[in-house]
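Chain by chain, the residues:
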Amino acid sequence: MGIRDYIAALSPPWLEPVGEDGEPSVGGGILYAATTNLDAVAQWLTEGIKARFPDTAPPDALGYIGNDRQIDRGPAEGAPGYAVRLRRAIDTWRNAGGARTILSQLAAYFTNIGTPPMRLVSDSSVWHVYNWVTGITTKTVVSPANWIWDGFTGTRWWRGWVIVDTTAGPFTRHLWGSVPLWGGSGGLWGVDEPPGGAKVSDLVRIIKKWKPANVDVHHLVLTFNSTLFESTDTAPPNPNGNYDNPANRDPGATYIPVGT
Amino acid sequence: MTFSLSDLINPKTRDAFITEMLAVADSLSLPTTAWQPGQWTRTMIALFAEGSSAFTKLIVEPIRGGFGDLLSSDDWADAWAKGQFDVDRTPAVAASTDTFTATNSTGVGYPVAAGDMIVANPITGKTYRNQAAIVIPAGGSLQFAIAADEVGTGSNAAPGTITTLVAPSLIGVTVTNPDACLGADKETTPNLVLRSRAKWGSLSPNGPKSAYDYVATTPFLPDGTPLSNTATPITRAKTVADPLTGAITVYIATASGAPSGPDVTIVQNAIDKWAEPWCNTATAVAATPVSVAVTYHAWIRSTLTSLQLQNAIAAALAEFMSSVPIGGIVIPPATGFVYVEELDVVISGANAGTVKVTISLPAADVPIAASEVPVLGAITPTITIL
C-alpha cells in the first residue's frame, strides 16, 4: 500500500478523491495529488539507495560505482556484465598485480568488441595465455627460454610483454605512407583504432593499473599475424636476442612501449 | 517508473511538483483550469509542492553520499570513506618546530611549565606554546619544541618570524624559530577520495602501485596499527620503478612540499611492513620541491578590498598547489607540468566577479619531473577593482 492509499484509507469521506456522491472531491483530489507526490519521493529515496549497489543501480550509476571500485569499463561492455564485475571488485583487487588479473581486465575491456588472443610473457619466458572460451589463464614455464628480447634477457627478470593478437581486430595495421599520414589527426604509430571503439591508450592504462609496481612492461605487442609470438614457438621465430634494435623486430606487429 | 542517477541526484523544483499535482487532479476530473492564483486550491497545491521540493533537496544528499564523485559535503565524504573503505580523513596538524630557541641574557634561570610559555608571530598574530617543561638557563639559550594553538597551515611560520614573547614576562629573554614552523590542514575531500580508492591495491599481496600509494599516505591500518603517523601528513605519493634495475621508488610529499627525514623513515618502515612483496625493493624518497612563483594581474568587479581579494587568491593557489600530484599533471605522452592555464582557472575562480586574469610568471608551463613536487613560491599580485 502506498502513502496515497494509506492516507485515503485514513481520511474522512469528504477528503477522499471521489465523494460519496460519486463526484470528484476537490479537497480529496488535492490531498490525493499531494500524497501521490509523497509516494514518488519515497520511491525516489528507495531508488537512490539502490543506486549504490551494482545489481540494482540504474545504468548511469555504474560508472560512478566503477570509479569508486576502480574497475574500468570496456567501451562496448553492457551494463549487466559490468555490474557483475563491479560486484566482484574485492576478489579482483585481491589479485591485482597477478598475470591472471591483468589478462582478465583486458578481456573485459574487449567485451562485445572481439576476442583477440592475449598472452603475457616474462623476461624468464613464463607465459600466461588467456582462453576466451573458458576465461581461464594458463601458465607455462618454457625451458629453454623461447623469448629472448635482447642481451639483458635473463638478468632483467622484472620485464614483461603483453601480446594481443589483433589479426581479426579490433585494431588494424597502419602501414607507412597510408592515410592519415604521420602527424595527421587520429593516427597512431603503426596501428589504427576502430572509431568509437577500443583504444590503445586504454590498454596501456589498464596494464599500468593492474601490473605489479616493479614490473617494466617493456612493450605492448599488437600482432597482425596470428602465427607470431606463440608460447609454443621457439626463438626464433620468437625474439632471439636482437629485438633491442627495432629494425630486427618482426614487421608483422606493432611494438608500443608501456614502461613502469 | 524508472529513474536514472541524474534524476535521483538533482532536486525537483516546486513548479515541477505543481505541474504533476495539477495533472493528477486533472485526471480526477477536477476543474483545475478554473483554479485561479490565490485561490485556496492553488495555494494548497503550491504549499504541498514547496514541501515536496524541499524534501527532495534533503534526500539527494544521502543519495549523492553513496558515490565518491558526487559527495556534497565533508561530512558525507567522511561517511563515504569510513563506510565504504574504513578510511578516516587525516586531521589537521598544529604547526610545530623542535628547534624553537629562547636566549636568556640575565644571570637568572627561568623555569617554565609545559604550555605556560606563549610566543607569537607579530605579523600574523598566531600564538604557540612550549610542549614540555623547560628551564631557560642563565646567560644561555635553550632549544625546545613549540606547537601552534590553532591547528592547520594558518599558523605556519617562516624561519625567524616567531619573535614575540607574550607570556610569561621574562626579563632579558629573546625568542626566535631558526627553522620553519609547519603544520597541515585537514585532508581535502578530493584527496580523501583518491586515498580511499587506492586502498583497493592494498588488498593484493602482489604489489600494485596503488598499494604503495595507499600505505605511504595512510597513517593507520584498519586494526589501528600505526603505519606512518608522520609529524606532517603525507598527502601525495607516486610510485615509479626503474626499468634498468626493477627497483621501486615511492616519492612522497606533504601538502606543503617535501617531508622531513624522520617522516620519510616512517613511511619506509610502513612500506617494508605492508606493501613490499618478497624480492622487491621499494624505497621511500622525499619528492624534490620545485618552487612555482606566481605573478598575476586580475581585474575584478567587487566591493571587497584589494587585500581581501589577494588573500582569497593566495588561499586558492595554495590549496591548488598542495593538490598537484608528484610529477605534475601528466597528459600522455608528455611528462608532467604545472599548467599556466590551470593557474589562470584557479585565480579566476577565487573571487566572484573576476573579469580577466593575466599571468606573467610563470611565463610558460612549468615542467615537473617524476621525482618533483611543485610548491607555491612568491606571489606577486596586482589587483584592479572595477
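Since this is a predicted model, take the numbers as computed values, not measurements.

Chemist: Any chance you could break down the overall build of chain B for me, citing the residues and the numbers?
Modeler: A tally of regular secondary structure across chain B gives nine helices and 18 strands. Against the compact-globule benchmark of 21 Å for 386 residues, chain B has a radius of gyration of 27 Å, which places it well outside the compact range. Summarising its shape, the C-alpha atoms of chain B cover approximately 95 × 60 × 45 Å along the three principal directions. Scored against the burial criterion, the 386 residues of chain B give a buried share of 40%. Across chain B, the fraction of contacts at a sequence separation of at least 24, relative to all contacts at a separation of at least 6, is 69%.

Chemist: I'd like to hear about the interface of chain B and chain A, residue by residue, with values.
Modeler: The interface of chain B with chain A comprises 47 residues on the first partner and 42 residues on the second. Only helix 1 (5-8), helix 2 (14-27), helix 3 (40-64), helix 6 (209-217) and strand 10 (236-241) of chain B provide two or more residues apiece to the side of chain B that touches chain A. In terms of residue count, helix 3 of chain B provides more of the side of chain B that touches chain A than any other element does, nine residues in total. Looking at the side of chain B that touches chain A residue by residue, the classes come out as 27 nonpolar, 16 polar and four charged.

Chemist: Give a description of unusual backbone geometry that names residues and reports values.
Modeler: Cis peptide bonds are those with omega within 30 degrees of zero, and the linkage from Ala-235 of chain A to Pro-236 of chain A qualifies with -10°. Residue placement: Pro-236 of chain A occurs in the loop between strand 7 (216-223) and strand 8 (253-256). Omega for the bond connecting Leu-361 of chain B with Pro-362 of chain B falls within 30 degrees of zero, at 0°, which places this linkage in the cis form. A positive phi angle, near 65°, is found at Asn-112 of chain A, a position not held by glycine. Under the C-beta neighbour-count criterion, Asn-112 of chain A is labelled exposed, with 11 such atoms within 10 Å.

Chemist: A description of the confidence of the model for chain A should follow, citing residues and the corresponding values.
Modeler: Chain-level statistics for chain A give a pLDDT mean of 90 and a share of 95% at 70 or above. Within chain A, strand 6 (residues 191-192) of chain A has the poorest average pLDDT of any element, 84, and helix 3 (residues 62-69) of chain A the best, 97.

Chemist: Give me the lowdown on the nonpolar core, citing residues and values where you can.
Modeler: Residues Tyr-212, Ala-216, Val-250, Ile-252 and Ile-271 of chain B are the most contacted members of the largest nonpolar core, which totals 95 residues. Residues Val-112, Tyr-128, Ile-146 and Ile-162 of chain B belong to the second largest nonpolar core, which totals 19 residues.

Chemist: Please give an account of the environment of Pro-80 of chain A that cites residues and values.
Modeler: Within the secondary structure layout, Pro-80 of chain A lies in helix 4 (residues 79-87). On the basis of neighbour counts, which here come to 11 C-beta atoms within 10 Å, the residue Pro-80 of chain A falls in the exposed class.

Chemist: Quick one: what's the story with the sheet that holds strand 17 (residues 366-368) of chain B, residue by residue and with numbers?
Modeler: Residue and element names in this part refer to chain B. The antiparallel open sheet is built from three strands, whose spatial order is 14-15-17. Each having just a single partner strand, strand 14 (329-330) and strand 17 make up the two edges of the open sheet. As defined by bridge partners, strand 15 (residues 336-338) adjoins strand 17 across three bridges and the pair is classed as antiparallel. Residue pairing across strands places Phe-337 opposite Pro-367, the latter belonging to strand 17.

Chemist: Just give me the short version of the sheet that holds strand 18 (residues 372-385) of chain B, but keep the residues and values in it.
Modeler: Residue and element names in this part refer to chain B. A sheet is described by the order of its strands in space; here three strands give the open sequence 16-13-18, paired in mixed fashion. Because the sheet does not close on itself, it has two edges, and the strands there are strand 16 (354-361) and strand 18. When strand polarity is set aside, the average angle formed by the axes of neighbouring strands in this sheet is 30°. In the packing of helix 8 (residues 306-323) onto the sheet, the strands contacted are strand 13 (288-300) and strand 18, and the crossing angle to strand 18 comes to about 160°. Each of strand 13 and strand 16 touches helix 9 (residues 340-350); the most contacted strand, strand 16, lies at about 140° to it.

Chemist: I'd like to hear about the domain arrangement of chain A, residue by residue, with values.
Modeler: Residue and element names in this part refer to chain A. Looking at the assigned domains, one finds that chain A contains domain 1 (3-50), domain 2 (53-94) and domain 3 (96-259). The C-alpha centroid of domain 3 is placed 26 Å from the C-alpha centroid of domain 2. Taken together, the 10 residues of domain 2 in the interface contact 12 residues of domain 3. Breaking the side of domain 2 that touches domain 3 down by element, the ones donating at least two residues are helix 4 and helix 5 (89-93).

Rules and cut-offs
- Residues numbered from 1 in each chain as written.
- Chains lettered and ligands numbered in written order.
- Predicted model: local features only at pLDDT ≥ 70, side-chain atom pairs only at ≥ 80, totals over all residues.
- Helix = DSSP H or I, 4+ residues; strand = E, 2+ residues; numbered from the N terminus.
- Rg over C-alpha atoms; globule rule 2.2 N^0.38 Å.
- Buried ≥ 20, exposed ≤ 12 C-beta atoms within 10 Å, placed from the backbone.
- Contact = placed C-beta atoms within 7 Å.
- Nonpolar A, V, L, I, M, F, W, Y, C, P; charged D, E, K, R; others polar.
- pLDDT = per-residue confidence, 0-100.
- Core = buried A, V, L, I, M, F, W, Y, C linked by C-beta atoms within 7 Å.
- Pairing = 2+ DSSP bridges.
- Axes fitted to C-alpha atoms, helices over the stretch in contact; angles between N-to-C directions.
- Domains from an automatic or database assignment.

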